[in-house]
Every structure is written in structure tokens, then in C-alpha cells.
Amino acid sequence: MTEVVVDGRTLSYGDVVAVAHHGAQVTLADGVLPRLARERAVVDDMVDRQVPTYGLTTGLGARSSYALPRAELDAFSVRTVRGRANAVGDPLPVPVVRAALVSRVNGLVGGGSGVRPEIVRLLVELLNARLHPVIPEVGSIGASDLCQLAHVGLVVVGEGSAEYDGEVLDGATALRRAGLAPARLGPKDGHVLCSASPLAAGLGALALHETAALLTLAQAITALTYEGFRANTSPLDARVLALRPAPGQSRAAGELLSLLAGGELTDPRNARRVQDPVSLRCAAQVHGAGYAALAFADAALMPELNGCGDNPVVLPGGAGDGVEELSGAGDGPEVPTGVGASPGTPPGTEDTLEAPTDTSTSTEPLAPAATGEILSSGNFHTPALALAYDTLALALTQTAAVSAERMRRLLDPAVSGLPANLSPYGPERSGFAPLVKTAQALVAEVRMLSVPVCTDPRQGADAVEDDSTNAALGARRLTTMLGRLRQLLAVEAVVAAQAVDLAAPAALGRGPEYLHRAIRKVVPTLTDDRPHGVDVETVSRDILRSDDVRSTLNSWAKEAT
């Protein structure tokens, strides 16, 4: 993919991956800039009429009851960015920065922010020039990603730091080398650059895309383990599952049978045992729960990725006009933009920087301007998204746990019927036994990272901002979890391939046969003891991250659905 067209409504996870990992160019859809100009006219009108409006003509957070002088509004935008660029830690990887940028561009393009069109054009130019603001990894509590996004705002105005052509430069130099110029911020622009949750959304899009791939790989590796174990597939029978239709289990069972097609195990009479251990027998239930958690996360993320997370929001053309239903770009439910109205207040007489303006005691609401309205919004808040990320983390932990247990069952001759520790030489060799410790260590890391973050106590801005979600943290830890899960699946794959060699079935299913052949191209059969860590890393990198392997296995698995 060489180009992604953003329209604010149809950005997919694949689009985010294309921009983040493959350097796809970003183009604004037709009609975007005129729409942004209409929204900006509403902002300018409110400024001209001195209407008390949060973050536009008043301060932010606990200072929202203070009016700002008209002459200070542009400078206040710049100070908003400078004062909130407070993130710390190592720089986020370039793909994550690109994912966040394209997510924010899409949110702005969809409408509601009132940002100057020139700001959106510059953000697109940053992406297409591969000029990446340096964003430290820690700073968001989920009440918008403002302390991290402010670092993007710094580069927009020619400050901060950015990576360009492999070199970290000050923002002004990076822009100059890329042939770009800093933007001039007008009223509200600084707040817009810090607002919404594009880091949580962009990271989440990458994480959900990878989760879908790893769940398919988990299915294929489980099928490989089935072949080595000679597992009983009767628990995958659709008639059995229909008696208790738990979420996702029928899909997972169908995929396993589709991957096993062409082998002997699709007929349960070829199984070695009447009943297998739970880690094999209930793989469809566990992986099905993973699919259900992924669907829940998708339903929460798509509105965030393709919606407006700003506060306040700009509605051109009067109340209700221009508010669209969002269907996202995936399977998420249709969700309205959810712009909530709050009573307005006649303009105050004070126009000094720290003079309080009473915005809560007006007896009559402000009549909407002819060009539109600016209304208070809770769209920046992401409790459903944070909850979905926590749920997905727990589901991934279940997937990790049964993978490690399947691997251990293969090493136990009393259960598997294979030589102890899968060594052809018997008990005087260690075989794969020491690799169990690595598997347990990986499970421990995955389990530690599954601790929920959405219930963490939090408050800010003198109790005005008295709730937040940690959605960005929830997304960021998923990235680490997925890396560990891929390594754990590689452990199971290496061991399962050895089990298949020793079991020597007459015919393998198409998925296991393809995966076994791919593994044996890079990792030889175990004869005498040797280090296994390098084999696991090789399979994790060269097999489980291979686009060709993923595509082939996915096509077979999806034939069932």
C-alpha cells in the first residue's frame, strides 16, 4: 500500500499499520479542507463575539472560569503546548509516533475540533516527509494524551525535538531540512494539538492488528501440537459446541478443524486418547474467549479511531447539523459522535488574564451563532477503551497459560506417549526440559502485564478533572505482552515440531504440515542436547513474524468462517 486517504470515518487498523510500519503516504479526502474552514469560521466568530468558551476564550482545567484577553489568545495557544510537554522516558518508537499522528489527523479530519486547516496540512506533511516528533513514552493518564501530544505541538511551532533522516534534531532544524515551515497557532489550536487520545487509539490499532495475527498463529501452533500429541478432536464437533455456545468457541473450533484438514485427526477415531488434558481439549474455548475479547476491543476502538475526541467540540451550521453516525472501518457498532450540550453564558465584562468570569449562574442560555456552536464535550474520556484493553490483556494471558501447558504435556511420556522430554536418546539427555523454565518465565511476564490499569485511582486539575482511564498505558503494555506471547508461541512451535518428528503420523493437516516444513527450514530436528534459545528466537522472528506465513495460515483458518 502506497497511499492512505483519510476522511475521518473509515480509517482501518490496516491503514494505521501501512502508515506506521510501511511508510504509506497520507492524503486528505476531497472536501476535508472546506469543511475544516467552515468549522474554523465558528471558532473565529466566537472569538470576535467574546463568547465564554472553554479553552478558547477561557483557561483550561481548574482555570476554566477565568477569561482570557483577546490579544492573548494566540500566545495562550503556544503556552498551552509548551506548558504541557511534560512526558518523560525513552522516546516512543517511530512506528508508534506515526500511528498516533495518523490517528490524530483522522480525528481532526472528521470534524469537531475547529482547528485551522493549515495545522492539519502540516501534520500530514510531517508524516509524508517522515519527520517524526520525539515523544517520551510516559505521560498520559487517559484524560486525553495531552502531556505526550504536546511534544508534537512543539515541533509544529518549530520547537522540541524530531527525528528526520535518522538524526534527532531540534524542531526548527528538522522542519527546515524537510522543506517545511513552522505553523502559527491561532486561538484553540494549541489545545487541539494536545487533545483527544490518538496515542491510545494509534497504539491500540497496532496492538489489535497484531492480536488478530497472533490468535491465528496460536490456532495453527495448537493444531501442530494436536498432530504431535495425536489429540482427540471430538470436543471441536459443532454439535457439542452448540449445547453451550460460549462466545468465540465455534469460530475457534472451526478454524482448528480447517487447519487440520487433510490429516488424520479430523476423524476423532484416530486420536490416541479418549480424553485429553484441558489445555488441548479446551483450546477452542480459550482461543474463542480471545476472539470475543478482541471483538469487544474493536467495538471500543473504532469510534475512537474514527471519531472526535475533542473538548469542546465545534458544530457548524447550528445545533445538530453535521453530526454523523460513525460506523468505523471494521466491526465496531454504530456510535454517534455524542456531542453533549451545556448551557452557555452571556459574555462577561472582564477581559483580564486572571479575572474570574461566572459561567455557571446565567439564567438564559446563549443563543447559537448564525455560523454554529461550540459545546462542552465528554468525548475525550475513554473508559470503554481502557476497559477493553484490560479485557484483552486478560484474554491474552489465558492464551499464554494454555500454550505453556500444552508444551509441558508434550514432554511428559505418561501423557503424550512420546520419549521423555522429546529426546530420542532417553533420560540421559535433557531434551526440551530446561525450556519449560523459559516458558514459565514468559507466562509470568505476560501475567504481570495483565494487571488492570483502568481502575487505578486518579485525579487532576484541583479535582475538576477527577477521573481518567490510563487507556494509553493499557495500549502500550499490550505491545509488550504481544511480543512475549509471540516468543511463547515460538517455544510451543519448536517443541511441537519435535513431537511431530517423533510421532511420525502418516499424514498431517495442511496447517501443521505447512508450519512444520517452515520450522524445519530454519531449525533442525533435535538429536543431542543443544541451546534452544536461539531456535526459539529464530522461529519467533523468521516464521511467526513472516507475512507469507501469516497470510497462508490465516486464509486456511478463515475458510471455516
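Our structure is the block above this text.
All values reported here derive from a predicted model rather than from experimental measurement.

What counts, and at which threshold
Residues numbered from 1 in each chain as written. Predicted model: local features only at pLDDT ≥ 70, side-chain atom pairs only at ≥ 80, totals over all residues. Heavy atoms only, no water. Helix = DSSP H or I, 4+ residues; strand = E, 2+ residues; numbered from the N terminus. Buried < 20%, exposed > 50% of the residue type's maximum accessible area, 1.4 Å probe, protein only. Contact = heavy atoms within 4.5 Å. Areas by Shrake-Rupley, 256 points an atom, 1.4 Å probe, with all protein chains shown as cover. Phe/Tyr/Trp six-rings, centres within 6.5 Å; stacked < 30°, edge-to-face > 60°. Lys NZ or Arg CZ within 6 Å of the ring centre and 35° of its normal. Core = buried A, V, L, I, M, F, W, Y, C linked by side-chain atoms within 4.5 Å. Expected span 1.5 Å × (residues − 1). Pairing = 2+ DSSP bridges. Right-handed = clockwise from strand over helix to strand, strands pointing away. Salt bridge = Lys/Arg side-chain N within 4 Å of Asp/Glu carboxyl O. Polar contact = N/O pair within 3.5 Å; in protein donor to acceptor, adjacent residues only side chain to side chain. Axes fitted to C-alpha atoms, helices over the stretch in contact; angles between N-to-C directions. Left-handed = near helix turned anticlockwise from the far one by under 90°. Nonpolar A, V, L, I, M, F, W, Y, C, P; charged D, E, K, R; others polar. Parallel < 35°, antiparallel > 145°, perpendicular 65-115°, else oblique.

Caption draft 1: Structural view of the overall build of the protein chain. Within the protein chain one finds 20 helices and 11 strands. Out of the 561 residues belonging to the protein chain, those deemed buried represent 55%. For the protein chain, long-range pairs separated by at least 24 residues make up 80% of all intrachain contacts whose partners lie at least 6 apart in sequence. Surface summary for the protein chain: the accessible area is close to 22,200 Å², and the carbon and sulfur share equals 54%.

Caption draft 2: Quick peek at the packing of aromatic side chains. Evaluation of the coordinates by the stated rule reveals 1 aromatic pair. Measuring from ring centre to ring centre gives 5.6 Å for Tyr514 and Trp556, while their planes differ by 90°; the resulting arrangement is edge-to-face. In this pair, Tyr514 is assigned in helix 18 (residues 510-522) and Trp556 in helix 20 (residues 547-558), connecting sequence segments 42 residues apart. The burial state of Tyr514 is the same as that of Trp556; both residues are buried. When the ring centre of Tyr291 is taken as origin, the NZ or CZ atom of Arg251, which lies over that ring, is 3.7 Å away. Over the face of the ring belonging to Tyr425 we find Arg429, whose NZ or CZ atom lies 4.6 Å from the ring centre.

Caption draft 3: Spatial organisation of the nonpolar core. Of all hydrophobic cores here, the largest spans 152 residues; its most connected members are Val6, Leu123, Leu131, Val156, Tyr226, Val539 and Leu553. When sequence neighbours within four positions are dropped, the list of residues in contact with Leu553 reads Thr216, Leu217, Ala220, Leu259, Gly511, Tyr514 and Leu515. Counting residues in each nonpolar core, the second largest holds 12 residues, with Val42, Val47, Leu56 and Leu68 among its members.

Caption draft 4: Here's a closer look at helix 4 (residues 94-109). An ideal rise of 1.5 Å per residue puts 22 Å on 16 residues; helix 4 measures up with 22 Å between its terminal C-alpha atoms. Burial analysis of helix 4 places 14 of its 16 residues in the buried class, which makes it a mostly covered element. Note on helix 4: the residue one or two positions beyond its end, Gly111, has a positive phi of about 100°.

Caption draft 5: Representation of helix 19 (residues 533-543) in the model. Looking only at helix 19, the buried set comprises Asp535, Val536, Thr538, Val539, Ser540 and Ile543. Contact partners of the buried residues in helix 19: helix 16 (435-449), helix 17 (471-503), helix 18 and helix 20.

Caption draft 6: Quick peek at unusual backbone geometry. Cis peptide bonds are those with omega within 30 degrees of zero, and the linkage from Asn311 to Pro312 qualifies with 0°. Inspection of the secondary structure puts Pro312 in the loop between helix 13 (283-305) and strand 8 (313-316). At Gln50, a residue that is not glycine, the phi angle is positive and equals roughly 55°. Inspection of the secondary structure assignment puts Gln50 in the loop between helix 2 (32-48) and helix 3 (73-84). Classification of Gln50 by relative accessible area gives partly exposed; the value is 44%.

Caption draft 7: Structural view of the pairing of strand 1 (residues 3-6). Of the two faces of strand 1, the one lined by Val4 and Val6 is fully buried and the one lined by Glu3 and Val5 carries no buried residue. Bridge count for strand 1 against strand 2 (residues 25-28) is 4 bridges, and the pairing is parallel. Residue pairing across strands places Val6 opposite Leu28, the latter belonging to strand 2. Handedness of the strand 1-helix 1 (residues 13-22)-strand 2 crossover: right-handed.

Caption draft 8: Representation of the pattern of salt bridges. Overall, the coordinates contain 31 salt bridges when judged by the stated rule. Asp44 is the salt-bridge partner of Arg40, the closest N and O atoms lying 3.5 Å from each other. Placement of the pair is Arg40 and Asp44 together in helix 2, with a separation of 4 residues, close to one helical turn. In this structure Asp44 comes out as partly exposed when scored by relative accessible area, which is 35%. A salt bridge links Glu559 to Arg510; the shortest N-O distance between them is 2.7 Å. One end of the pair, Glu559, is in the segment after helix 20; the other, Arg510, is in helix 18, with 49 residues separating them in the sequence.

Caption draft 9: Looking closely at the side chain of Ser195. Following the sequence through the fold, Ser195 ends up in the loop between helix 8 (189-194) and helix 9 (198-229). There is a polar contact of 2.5 Å between the side chain of Ser195 and the backbone oxygen of His191. Ignoring any residue separated from it by four or fewer positions in sequence, one finds Ser195 in contact with Arg104, Ser144, Leu149 and Asp310.

Caption draft 10: Molecular detail of the sheet that holds strand 7 (residues 167-170). Pairing within the open sheet is antiparallel, and its 3 strands lie in the order 4-6-7. Two strands in the sheet have a free side with no partner beyond their single neighbour: strand 4 (131-133) and strand 7. For this sheet, the mean inter-axis angle between neighbouring strands, taken without regard to orientation, is 35°. Sheet analysis places strand 6 (residues 161-164) next to strand 7, joined by 4 bridges and oriented antiparallel. Across the sheet, Tyr164 pairs through a bridge with Glu167, a residue of strand 7. Lying over the sheet, helix 4 contacts strand 4 and strand 6, oriented at roughly 90° with respect to strand 4.

Caption draft 11: Representation of the environment of Asp456 within the structure. Turning to its location among the elements, Asp456 is positioned in the loop between helix 16 and helix 17. Given the relative accessible area of 40%, Asp456 is considered partly exposed. On a C-alpha basis, the gap between Asp456 and Asn470 in space is 7.9 Å, while along the polypeptide they are 14 residues apart.

Caption draft 12: Local environment of the environment of Pro524. Note on placement: Pro524 falls in the loop between helix 18 and helix 19. In this structure the C-alpha to C-alpha distance between Pro524 and Val494, which are 30 residues apart in sequence, comes to 9.7 Å.

Caption draft 13: Region of interest: the packing of helix 4 against helix 9. Between helix 4 and helix 9, the least distance of the axes is 8 Å, while the angle of their chain directions is 120°. Crossing geometry of helix 4 relative to helix 9 is assigned as right-handed. Each of Pro95, Val96, Ala99, Ala100, Ser103 and Arg104 in helix 4 lies in contact with helix 9, whose residues at this interface are Pro198, Leu199, Ala201, Gly202, Leu203 and Leu206. In the contact of helix 4 with helix 9, the residues fall into 9 nonpolar, 2 polar and 1 charged.

Caption draft 14: Structural detail: the packing of helix 18 against helix 20. Interaxial distance between helix 18 and helix 20 falls to 10 Å at its minimum, and their mutual angle equals 170°. The orientation of helix 18 relative to helix 20 falls into the category roughly antiparallel. Seen from helix 18, the contacting residues are Arg510, Gly511, Tyr514 and Leu515; seen from helix 20, they are Asp548, Val549, Thr552, Leu553 and Trp556. Residue classes in the contact of helix 18 with helix 20 are distributed as 5 nonpolar, 2 polar and 2 charged.

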